[in-house]
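Observations on chain architecture
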Amino acid sequence: MTRQGLDELKQQIPLLDYLRAQDWRAARRLSRGRWMGLCPLHGDRKPSFMVDPNKGLFYCYGCGRGGDVIRFAELYHEVRFPQALALLRQWRGLAPLLQETAAFYGVQLHRHSEAVIYLQQRGIRSPELIEHMRIGYAPGGCVRGWLMELGYSLAALRQAGLVTAMGYDAYVRRIVFPLEGNLYGRSISPSAPPHRFLPGAKGGLYCWEQACQVTEVILVEGLFDYASLWQAGFRNVTCAMGTHLNGRQFRQLCDRPRTVYLAFDADTNGSGQSAAQSLACRLREQGLNVRIVLLPDGHDPNSLFLQGGDAGQFRSLLEAAQS
Ligand SMILES: [Zn+2]
């Protein structure tokens, strides 16, 4: 890549925007438009990470590292220069494409009764919730044509994983939930694999911006669990899309002292509960207060509410949670 190409990339990805997308928040303002906050590159206790948006540079007084947005991507994702460039290019190109895709699937939801019926079977009824989660439906066989009409190349759609190598829509008969930098699709046909993501990271904790406002958060396994709790009025809920937290999600949970309620599935084989136990250990090592919510056997939060559970019952389970 030429010098000019690098400058263009840096211009298109302002350092501050990129940092914010990785959940970095400024703690205080300095002179000349600079900001100071906790360093995302080392376990920082008091803000030592300085950002100069005008120059597009950062410097950490704690770990002594600094540079531009490319250097930041190298350090933060622990990759070499070419991979950092690839990640940044992908980040720049993917966001608008996923926006268009999510909007398209959002419109499809109301045009396909099988999708609405499936949501009702999973207990999702509130239009407010559907709007909040931007729930959509991928019928299959139509997103490729729509996106190409908007000017996206087939190669870009393949690279994003929205279209298969054979040229078909990757998401077929799936309820779709937009994530940050990804798209989760839940199959409504029992014969297909239930879960599908685009290649690449699943992103941070779901709707973390909202949940992190409070010091007590409920962490669930799946987006339907999230939906049930949100619909029942719990706003301090978040989801890791599985029981395994990626590095980013783990750092998010630990970014300040808080109480975390782990409400994982009570599967009959005990896998949800053993995942909760080991996660609880790791979180406690970081100084967090962790409580494990014991759901009735065979239940997850979604099925609990489906079988007539209500906010009061779930609140009692929270109160009874083991610390
Ligand atoms: Zn640092």
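These remarks concern the structure in this document. (Residues numbered from 1 in each chain as written. Predicted model: local features only at pLDDT ≥ 70, side-chain atom pairs only at ≥ 80, totals over all residues. Heavy atoms only, no water.)

Overview of the pairing of strand β7 (residues 174-179)
With respect to burial, β7 is a largely interior element, six of its six residues being buried. As judged from the three bridges shared by strand β6 (residues 136-138) and β7, these two strands associate in the antiparallel manner. Across the sheet, the residue bridging to Ala-138 is Arg-174, located in β7. Where β7 folds back on strand β8 (residues 182-187), the antiparallel hairpin that results is connected by two residues, among which Gly-181 adopts a positive phi of roughly 75 degrees. (Buried < 20%, exposed > 50% of the residue type's maximum accessible area, 1.4 Å probe, protein only. Helix = DSSP H or I, 4+ residues; strand = E, 2+ residues; numbered from the N terminus. Pairing = 2+ DSSP bridges.)

Quick look at the coordination of the zinc ion
With distances of 2.1 to 2.3 Å, the protein atoms coordinating the zinc ion are Cys-39 (SG), His-42 (ND1), Cys-60 (SG) and Cys-63 (SG). Its four donor atoms give the zinc ion angles of 97 to 124 degrees at the centre, a pattern that matches the tetrahedral case. One chain supplies every donor to the zinc ion, and in sequence these donors are spaced C-x2-H-x17-C-x2-C. Here Cys-39 is found in the loop between β2 (35-37) and β3 (49-52), whereas its partner Cys-60 is found in strand β4 (residues 57-60), with 21 residues between them in sequence. Summarising the burial analysis for this pair, Cys-39 and Cys-60 share the class buried. (Donors = N, O, S within 2.8 Å, 3.2 Å for Na, K, Ca; no water. Tetrahedral: all angles 85-135°; square planar, octahedral: opposite > 155°, others 65-115°.)

Considering the sheet that holds strand β10 (residues 216-220)
In spatial order, the strands read β11-β10-β12-β13; together these four strands make up an open sheet with parallel pairing. Among the strands making up the open sheet, the edge pair consists of β11 (237-239) and β13 (289-292). Adjacent strand axes in the sheet meet at a mean angle of 25 degrees when their direction is disregarded. Note: strand β12 (residues 259-263) against β13, four bridges, orientation parallel. When the sheet's bridge partners are listed, Thr-259 is paired in β13 with Asn-289. Each of β10 and β11 touches helix α10 (residues 223-231); the most contacted strand, β11, lies at about 170 degrees to it. (Axes fitted to C-alpha atoms, helices over the stretch in contact; angles between N-to-C directions. Contact = heavy atoms within 4.5 Å.)

A few points about the packing of aromatic side chains
Following the criterion strictly, the structure yields 17 aromatic pairs and no others. Note on Phe-49 and Phe-58: the rings are 5.3 Å apart at their centroids and 25 degrees apart in plane angle, and the pair reads as stacked. For the pair Phe-49 and Phe-58, one class covers both residues: buried. By the ring-pair criterion, three or more aromatic residues cluster together here, those being Tyr-18, Trp-24, Phe-49, Phe-58, Phe-72, Tyr-76 and Trp-91. The ring of Trp-230 carries Arg-235 above its face, with NZ or CZ at 3.6 Å from the centroid. Positioned above the aromatic ring of Phe-250 is the side chain of Arg-282, whose terminal nitrogen or guanidinium carbon lies 4.4 Å from the ring centre. (Phe/Tyr/Trp six-rings, centres within 6.5 Å; stacked < 30°, edge-to-face > 60°. Lys NZ or Arg CZ within 6 Å of the ring centre and 35° of its normal.)

Things to note about the sheet that holds β6
Overall, antiparallel pairing links the four strands, which are arranged β6-β7-β8-β9 in an open sheet. The open sheet has two edge strands, β6 and β9 (195-196), and neither has a second partner. Inspection of the sheet shows β7 paired to β8 by six bridges, in the antiparallel sense. Its bridge partner lying in β8, Arg-174 is registered against Ser-187. Contacts from helix α4 (residues 81-109) reach β6, β7 and β8 within the one sheet, and its direction differs from that of β6 by about 90 degrees. Across the face of the sheet, helix α5 (residues 113-121) comes into contact with β6, β7 and β8 while running at roughly 75 degrees to β7.

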